[in-house]
Amino acid sequence: MSASLDASLDPMEEIRFRKKHGGLWAEIQKSTHFTFDELENIMVIFFKIQKRDDKPVASDLISRAHFRDVLHTGLGMTDSYMMERVMVALDRGTSPYVTMATFAKAMSLYLRGSLEERITYAFTCYDLLGEGYLRRETMYQLMKKSLAKASRDDDVEEAVKELVDIMLKRMDADLDGVINFNDFYVSVTKTPSLLESLGYCLPERPAVYAFVSTWCPAWKSM
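Please read all numbers here as calculations on a predicted model, not as lab measurements.

Asker: Describe the pattern of salt bridges, and please don't skip the residues or the numbers.
Answerer: Side chains that differ in charge, positive against negative, can pair when their charged atoms come close. Taken as a whole, this structure holds 11 salt bridges when the rule is applied. Salt-bridge contacts for E27 lead to K30; the nearest nitrogen and oxygen are separated by 3.2 Å. Residues participating in the shared-partner salt-bridge network are E14, R18 and E40.

Structural data, given as structure tokens:
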């Protein structure tokens, strides 16, 4: 992340911040994989991000732009197209701000999320229309964006169509022409490598380890 987060906080400022939000954190902690002490560590990162703004909107909010910067520079999530989908998956609202709760739950997912949580999150990222299933057209759009970025070949349409056909044959268990959540869940549970088959929406493990070692070095486990 930006070097602007490297400076330590004024001790009294940090104490006031912890006291002000401790009750809220106790509630947030229940929906994460963090201990309370670990969540405090995550929230201090949140506070450092917030301090980039001269006049924060509220003490429990940061801008989406700052949050995306954390994902980009802190966790190596650089696909701008998928970042739009990620923001929708994390927060269905249209607010330009991210709450403490959303920030904490996102960090819990990225740093310690279970396979089941990641499956639900990835499916939400891919479900562009919020229909509860993935159409052929949706899969084509997602894969074309991904392949066009990775390939030097200007004509990727045929390759994408073939890949979509292969995925439908592999994942569409009830043969209804779409991949519903159960199809996706069963397929990924059997073959975890299919989790991000329609686009990278999670940080890679080296980026996660680097983030934790930099910002949470006292943690004993992932």
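And the narrative resumes.
Asker: An account of helix α1 (residues 11–29) is needed here, citing residue identities and associated values.
Answerer: Over its 19 residues, α1 runs only 23 Å from end to end, short of the ideal 27 Å by more than 12%, given 1.5 Å per residue. In α1, a bend of some 60 degrees at G22 exceeds every other bend along the element. Buried residues belonging to α1 abut α2 (36–50) and α5 (100–112).

Asker: I'd like a description of unusual backbone geometry, backed by residues and values.
Answerer: The backbone phi angle of L175 is positive, close to 55 degrees, even though this residue is not glycine. Among the secondary structure elements, L175 is positioned in the loop between α8 (157–171) and β4 (179–180). For L175, a relative accessible area of 72% corresponds to the exposed category.

Asker: Kindly report on the domain arrangement of the protein, identifying the contributing residues and their values.
Answerer: Each assigned domain of the protein is listed with its residue range as follows: domain 1 (11–113 + 203–220) and domain 2 (117–194). Inter-centroid distance (C-alpha atoms) of domain 1 to domain 2 is 28 Å. Contacts between the two partners involve 15 residues from domain 1, matched on the other side by 12 residues from domain 2. Here domain 1 and domain 2 share an interface that buries about 1300 Å² over both sides, 54% of which is from carbon and sulfur atoms. Of all residues in domain 1, Y81, R85 and L109 give up the largest surface area on contact with domain 2, accounting jointly for 43% of the area buried on that side. At the boundary of domain 1 and domain 2, one finds 0 salt bridges. Of all the secondary-structure elements, those providing two or more residues to the side of domain 1 that touches domain 2 are α4 (80–90) and α5. Among the elements that make up the side of domain 1 that touches domain 2, the one with the highest residue count is α4 (6 residues). When grouped by side-chain class, the residues that make up the side of domain 1 that touches domain 2 number 8 nonpolar, 3 polar and 4 charged.

Conventions adopted
- Residues numbered from 1 in each chain as written.
- Predicted model: local features only at pLDDT ≥ 70, side-chain atom pairs only at ≥ 80, totals over all residues.
- Heavy atoms only, no water.
- Salt bridge = Lys/Arg side-chain N within 4 Å of Asp/Glu carboxyl O.
- Helix = DSSP H or I, 4+ residues; strand = E, 2+ residues; numbered from the N terminus.
- Expected span 1.5 Å × (residues − 1).
- Bend = angle between axes of the 7 residues up to and from the residue.
- Contact = heavy atoms within 4.5 Å.
- Buried < 20%, exposed > 50% of the residue type's maximum accessible area, 1.4 Å probe, protein only.
- Domains from an automatic or database assignment.
- Buried area = accessible area lost by both parts, 1.4 Å probe.
- Nonpolar A, V, L, I, M, F, W, Y, C, P; charged D, E, K, R; others polar.

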